[in-house]
Amino acid sequence: MAAVVSAPPSSSKTETYTDTKRRDDVRRANILAARAVADAVRTSLGPKGMDKMISSASGDVIITNDGATILNKMEVLQPAAKMLVDLSRSQDSAAGDGTTSVVVLAGCLLRHSLSLLSAGIHPTAVADSLHRLSVRAVEILHSMAVPVDLSDRETLIKSAATALNSKVVSQYSSLLAPLAVDAVLTVVDPSHPDLVDLHDIKIVKKLGGTVDDTEFVKGLVFDKKASHAAGGPTRVENAKIAVIQFQISPPKTDIEQSVIVSDYTQMDRILREERNYILSMVKKIKATGCNVLLIQKSILRDAVTDLSLHYLAKAKILVVKDVERDEIEFITKTLNCLPIANIEHFREDKLGFADCVEETSVGDGKIVKITGIKDMGRTATVLVRGSNQLVIDEAERSLHDALCVVRCLVNKRFLIAGGGAPEIEMSRQLGAWAKELQGMESYCIKEFAEALEVIPYTLAENAGLNPISIVTELRNRHAQGEINTGINVRKGQITNILEENVVQPLLVSTSAITLATECVRMILKIDDIVTVR
């Protein structure tokens, strides 16, 4: 007798198959695009990193190894890859340094995220683990930090020098580092010591000489010569300086129109009136005792004419014309004076005072320098020199990074070792913490802890060392409790980096780890790209 096997009753709760291939493909495409951007700047990490030559369609050439500059100049079309460009820009505004490190770190975290996703772990679980890792990593960095005092100038210089060592102009770090420290300490307000506005430090670039000729000026520098019309003065002592925003030239009609004069007597009268108009203005200026005029650039009509320059020269007033509109605020803050918008408001209480205003020759051109300013505002000026425009531009970018590093130390007064030491220590401690956790989270954090080793690995790789043996030795030394041991790329070996004076602000590292994890979490959460026309 044949046995009859009945089919199981069909249930209403049957599992339905959901096709997630499209989501996985979008996520994978995003991660690969972002990693391509990270790989592009990876070779420029560290003191021995390579430089990039960026050539634009207009023929402009930039040579740099600053991560933020490289990424800003790249034409990135993929939306997820653009997020890494924005990440670098965020690090630049938050800390000023570590712009390459943050992108390299994000790229490696994405690579390890992809292997976790391939293992079948849900993106949300990966993103949540990454958030916990970032909080724990910042705690580890704080435990490694060494407090610093702003009165300790040597320590601040060491930190600025470390930022400069990875730049094209690294051989001038002994000159630029003290200069950056002095500039920032000059603009720090004792009543608000944690607020530093880098707009109060003006960098003036002048072609000629070498970077060695770069100087810190306690005063003002204008990259233009004084007006020489009719033999005006080029040096004034005990200067009374006025910043004016009106024109010393004949008035024009409010609307565009022509006035036709056919009679010579009328023409003479017009010229005479113009002369009297300008002369009366110059007399009012001279009556206040003013002997230096800084005239704002005018777009409506000429700010000065040959006639007005002639009268000003006769009155022994030094004139600097075509001062840019956006420089006025800096100038008035430095001179501790008020800008004058109308000749009727020209009074002595609106003037600034300085010991000396003089025109000096620098390289091919000339500059006007104002020194010995009375009641000078909290500002500083740096005159950057260089043999060609590429060097000057790179020196300015490097100096900006050094200024940002000193600003970081003013905002958050802690230092940590450089040379890959904090990353290896974070990796070691997070790996140990992962063993205490359970389930999926433990697996994710262990994977991401390994990703942090990309910084020392890349430093060793770019320095031409054997990265595997170097990183293995670093792990070993940190396991023995030597938390400040890092890669000394100059000597090509592992040493106590803190003793070698390779230090960086705590804010640079904490900002890098927080921003990188935040960016990676955002990329992981994207499962589709919708194009809107």
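Here we summarise the structure given alongside this text. (Residues numbered from 1 in each chain as written. Predicted model: local features only at pLDDT ≥ 70, side-chain atom pairs only at ≥ 80, totals over all residues. Heavy atoms only, no water.)

## A closer look at the packing of aromatic side chains
As enumerated under the stated definition, the model contains zero aromatic pairs in all. Taking the ring centre of phenylalanine 353 as reference, the NZ or CZ of lysine 374 above it sits at 5.5 Å. (Phe/Tyr/Trp six-rings, centres within 6.5 Å; stacked < 30°, edge-to-face > 60°. Lys NZ or Arg CZ within 6 Å of the ring centre and 35° of its normal.)

## So, the pairing of strand β16 (residues 493-496)
As defined by bridge partners, strand β15 (residues 485-488) adjoins β16 across four bridges and the pair is classed as antiparallel. Looking across to β16, one finds that isoleucine 487 is bridged to isoleucine 494. (Pairing = 2+ DSSP bridges. Helix = DSSP H or I, 4+ residues; strand = E, 2+ residues; numbered from the N terminus.)

## What to know about helix α13 (residues 439-451)
Burial in α13 covers these residues: Ser442, Cys444, Ile445, Glu447, Phe448, Ala449 and Ala451. Structurally, α13 contributes buried residues whose contacts are with α4 (99-118), α5 (123-144), α12 (421-436) and α14 (454-462). (Buried < 20%, exposed > 50% of the residue type's maximum accessible area, 1.4 Å probe, protein only. Contact = heavy atoms within 4.5 Å.)

## Observations regarding the side chain of asparagine 462
Tracing the backbone through its elements, the reader meets asparagine 462 in helix α14. For asparagine 462, the side chain forms a polar contact with the main-chain oxygen of threonine 43, separated by 3.3 Å. Polar contacts involving the side chain of asparagine 462 include one to the main-chain carbonyl oxygen of leucine 45, which spans 2.9 Å. In this structure, asparagine 462 is in contact with Arg42, Thr43, Ser44, Leu45, Lys48 and Gly49, ignoring residues within four places of it in sequence. (Polar contact = N/O pair within 3.5 Å; in protein donor to acceptor, adjacent residues only side chain to side chain.)

## Considering helix α10 (residues 328-335)
Taking burial as the measure, the eight residues of α10 include six buried ones, the bulk of the element. Positioned one or two residues after α10, asparagine 336 has a phi angle of 60°, which is positive.

## Here we look at the sheet that holds strand β14 (residues 414-417)
Spatially, three strands are ordered β3-β14-β17 in an open sheet, and the strand pairing comes out antiparallel. Strand pairing shows two members of the sheet lacking a second neighbour, β3 (146-147) and β17 (503-505), which therefore form its edges. As judged from the two bridges shared by β3 and β14, these two strands associate in the antiparallel manner. Bridging from a neighbouring strand, valine 146 pairs with leucine 415 of β14. Set on the sheet, helix α6 (residues 153-164) makes contact with β14 and β17; between it and β17 the angle comes to about 95°. (Axes fitted to C-alpha atoms, helices over the stretch in contact; angles between N-to-C directions.)

## Side note on unusual backbone geometry
Located in the positive-phi region is asparagine 336, a residue other than glycine, with phi close to 60°. Residue position: asparagine 336 is located in the loop between α10 and β10 (339-340). For asparagine 501, which is not glycine, the phi torsion reads 65° and is therefore positive. Considering the arrangement of structural elements, one finds asparagine 501 in the loop between β16 and β17. On the accessibility criterion, asparagine 501 (34% relative accessible area) is partly exposed.

## Points about the packing of α4 against helix α16 (residues 506-525)
For any two helices packed against each other, the geometry comes down to the angle between their axes and how far apart the axes lie. Two numbers describe how α4 lies on α16: the axes approach to 9 Å, and their chain directions differ by 40°. Considering their axes alone, α4 and α16 lie oblique with respect to each other. Seen along the crossing, α4 lies across α16 with a hand that is right-handed. On α16, the residues that touch Val102, Leu105, Ala106, Leu109, Leu110, Ser113 and Leu117 of α4 are Ala512, Ile513, Leu515, Ala516, Thr517, Val520, Ile523 and Leu524. Per-class residue counts for the contact of α4 with α16 are 13 nonpolar, two polar and no charged. (Parallel < 35°, antiparallel > 145°, perpendicular 65-115°, else oblique. Left-handed = near helix turned anticlockwise from the far one by under 90°. Nonpolar A, V, L, I, M, F, W, Y, C, P; charged D, E, K, R; others polar.)

## Points about the pattern of salt bridges
Under the definition given, this model contains 27 salt bridges. A salt bridge links aspartate 66 to lysine 167, with the nearest nitrogen and oxygen atoms 3.6 Å apart. Of this pair, aspartate 66 sits in the loop between β2 (61-64) and α2 (67-73) while lysine 167 is found in the loop between α6 and α7 (173-187), placing the two residues 101 residues apart along the sequence. On the basis of relative accessibility, which here comes to 5%, the residue aspartate 66 falls in the buried class. For glutamate 359, the salt bridge goes to lysine 366, with nearest N and O atoms at 3.7 Å. Overall, glutamate 359 belongs to the buried group, its relative accessible area being 14%. (Salt bridge = Lys/Arg side-chain N within 4 Å of Asp/Glu carboxyl O.)

## Concerning the environment of aspartate 149
With respect to the helices, strands and loops of the structure, aspartate 149 is situated in the loop between β3 and α6. Look at aspartate 149 and you get partly exposed, because its relative accessible area is 47%. Sequence separation between aspartate 149 and lysine 224 is 75 residues, and the spatial gap between their C-alpha atoms is 39 Å. In terms of polar contacts, aspartate 149 uses its side chain to reach the side chain of serine 151, at 2.7 Å.

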